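Breakdown of the fold
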Amino acid sequence: MSLKQKMKNLVQMLNREVPTETLVKRGLKVGRDFNRQQGCFIDPTHCYLIEIGNDVTMSIRVTLMAHDASTKKLTGYTRLGRIRIGNHVFLGANVTVLPGVTIGDGAVIGAGSVVTHDVPAGTVAVGVPARVIGTTQELKERAEAEMAQGGVFDKFYRMGAGLTAEKREELLRATDGKTAYID
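Residues numbered from 1 in each chain as written. Predicted model: local features only at pLDDT ≥ 70, side-chain atom pairs only at ≥ 80, totals over all residues. Heavy atoms only, no water.

1. Looking at the overall build of the protein chain
The condition that has to hold: The secondary structure listing takes helices from DSSP runs of H or I that are at least 4 residues long and strands from runs of E that are at least 2 residues long, numbered from the N terminus. Burial classes: relative accessible area under 20% of the type maximum marks a residue as buried, over 50% as exposed, and values in between as partly exposed (1.4 Å probe, protein chains only). By the convention used here, residues are in contact when the closest approach between their heavy atoms is within 4.5 Å. Values of accessible area rely on a 1.4 Å probe in the Shrake-Rupley scheme; residue burial ignores everything except the protein chains shown. Asp and Glu count as negative and Lys and Arg as positive, but His and the ends of the chain are not part of the count. A charge is said to be at NZ when it belongs to Lys, at CZ for Arg, at CG for Asp and at CD for Glu.
Broken down by element type, the protein chain carries five helices and 18 strands. Based on the C-alpha atoms only, the size of the protein chain along its principal axes is roughly 60 × 40 × 30 Å. Evaluated residue by residue, the protein chain yields a buried proportion of 33% over its 183 residues. Long-range pairs, those at least 24 residues apart, make up 26% of the contacts in the protein chain with a sequence separation of at least 6. Within the structure as shown, the protein chain displays about 11,100 Å² of accessible surface, and the carbon and sulfur contribution to it stands at 55%. Put simply, the protein chain has 24 plus and 19 minus side-chain charges, and the middle of one group is 9 Å from the middle of the other.

As structure tokens, this is what we get:
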């Protein structure tokens, strides 16, 4: 294990997150190029019911819950369900995925959504509960049209890549009343 990975695991444990490596040992299935950002919660007691495909990004504070204990007091039993996340999926900040859900390849789930039902491949779903609002192709076309209007910046406009006061001001001007894009 690399020093970088050891440090990431330590930070996760300090934040009371169970490291991905530990969850995999417990049965979580994870594909290549999995990007789990800060504060994500993957059900540690039922992680063996969760499958995550290749090239999946979970933005900050995503929750994957393969069990639902709301039925415990009523029936004496906790509801369980598999969670399957396909390849090339993006889960926005604060998304919650509940038991029994499959998210198809190439789907995008918008920030703050609660996914209670399956999401088809190649679609964008948002809301509480999440519902499909379009295709990822439509999302791409809208983004490309905005990018053609300007406001596209390279990686040197990021905090960790030498963001100067001048570049920060340029970004502030570019995002006054509209959005911009960064590499």
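So that's the structure; there's more coming.
2. Points about the sheet that holds strand β1 (residues 29-30)
Hydrogen bonds between backbone atoms are what pair the strands of a sheet, whose relative direction is either parallel or antiparallel. Stated formally: Only when DSSP finds a minimum of two bridges between them are two strands counted as paired.
Pairing within the open sheet is parallel, and its four strands lie in the order β1-β4-β9-β12. Single-partner strands in this sheet number two, and they are β1 and β12 (102-103). Looking at chain direction, β1 and strand β4 (residues 50-52) are connected through two bridges and run parallel. What sits directly across from Val30, in β4, is Ile52.

3. Structural notes on the environment of Thr63
Looking at the secondary structure, you find Thr63 in strand β6 (residues 63-64). Here the alpha-carbon distance between Thr63 and Gly92, two residues 29 residues apart in the chain, equals 11 Å. In this view, Thr63 contacts Phe41, Val95, Thr96 and Val97; residues no more than four positions away in its chain are not counted.

4. Overview of the pattern of salt bridges
Inclusion rule: What makes a salt bridge here is a side-chain nitrogen of Lys or Arg within 4 Å of a carboxyl oxygen of Asp or Glu, nothing more.
For the structure shown, the criterion picks out five salt bridges. Close ionic contact of Glu17 with Arg36 constitutes a salt bridge, the shortest N to O distance being 4.0 Å. On the criterion of sequence distance, the pair formed by Glu17 in the loop between α1 (3-14) and α2 (20-25) and Arg36 in strand β2 (residues 35-36) is long-range, its members being 19 residues apart. Exposure class is identical for Glu17 and Arg36. Each is buried. With its nearest N and O atoms 2.0 Å apart, the salt bridge here joins Glu51 to Arg82. One end of the pair, Glu51, is in strand β4; the other, Arg82, is in the loop between β8 (79-80) and β9 (83-85), with 31 residues separating them in the sequence.

5. Brief notes about the sheet that holds strand β11 (residues 96-97)
Overall, parallel pairing links the four strands, which are arranged β3-β6-β11-β14 in an open sheet. Strand pairing shows two members of the sheet lacking a second neighbour, β3 (41-42) and β14 (114-115), which therefore form its edges. Pairing between β11 and β14: two bridges, direction parallel. The residue bridging Thr96 from the neighbouring strand is Val114, located in β14.

6. Thoughts on helix α4 (residues 136-148)
Here is the rule we go by: Take the number of residues in a helix, subtract one, and multiply by 1.5 Å to get its expected span.
Relative to the 18 Å expected for 13 residues at 1.5 Å per residue, α4 spans 18 Å between its end C-alpha atoms, a close match to the ideal helical length. Once α4 finishes, Gly150 follows within two positions and takes phi at roughly 110 degrees, a positive value.

7. Focus on the state of the cysteines
Filter applied, for reference: To count as a disulfide, a pair of cysteine sulfur atoms needs to be within 2.5 Å.
Evaluated as defined, the whole model comprises zero disulfides. Free cysteine: Cys40, not disulfide-bonded; nearest cysteine sulfur from Cys47 at 15 Å.

8. Things to note about the packing of aromatic side chains
Counted only if it meets this: In this scheme Phe, Tyr and Trp rings, the latter by its six-membered ring, pair at centre separations within 6.5 Å, and the angle between planes marks the pair as stacked below 30 degrees, edge-to-face above 60, and tilted otherwise. Either the NZ atom of lysine or the CZ atom of arginine qualifies as a charge over a ring when it sits within 6 Å of the ring centre and within 35 degrees of the ring normal.
Summed over all chains, the structure comprises one aromatic pair. Centre to centre, the rings of Phe153 and Tyr157 are 4.8 Å apart; their planes meet at 55 degrees, and the pair counts as tilted. Of the two residues examined, Phe153 and Tyr157, each falls in the buried class. Positioned over the ring face of Tyr157 is Lys167, at 5.4 Å from the centre of the ring.

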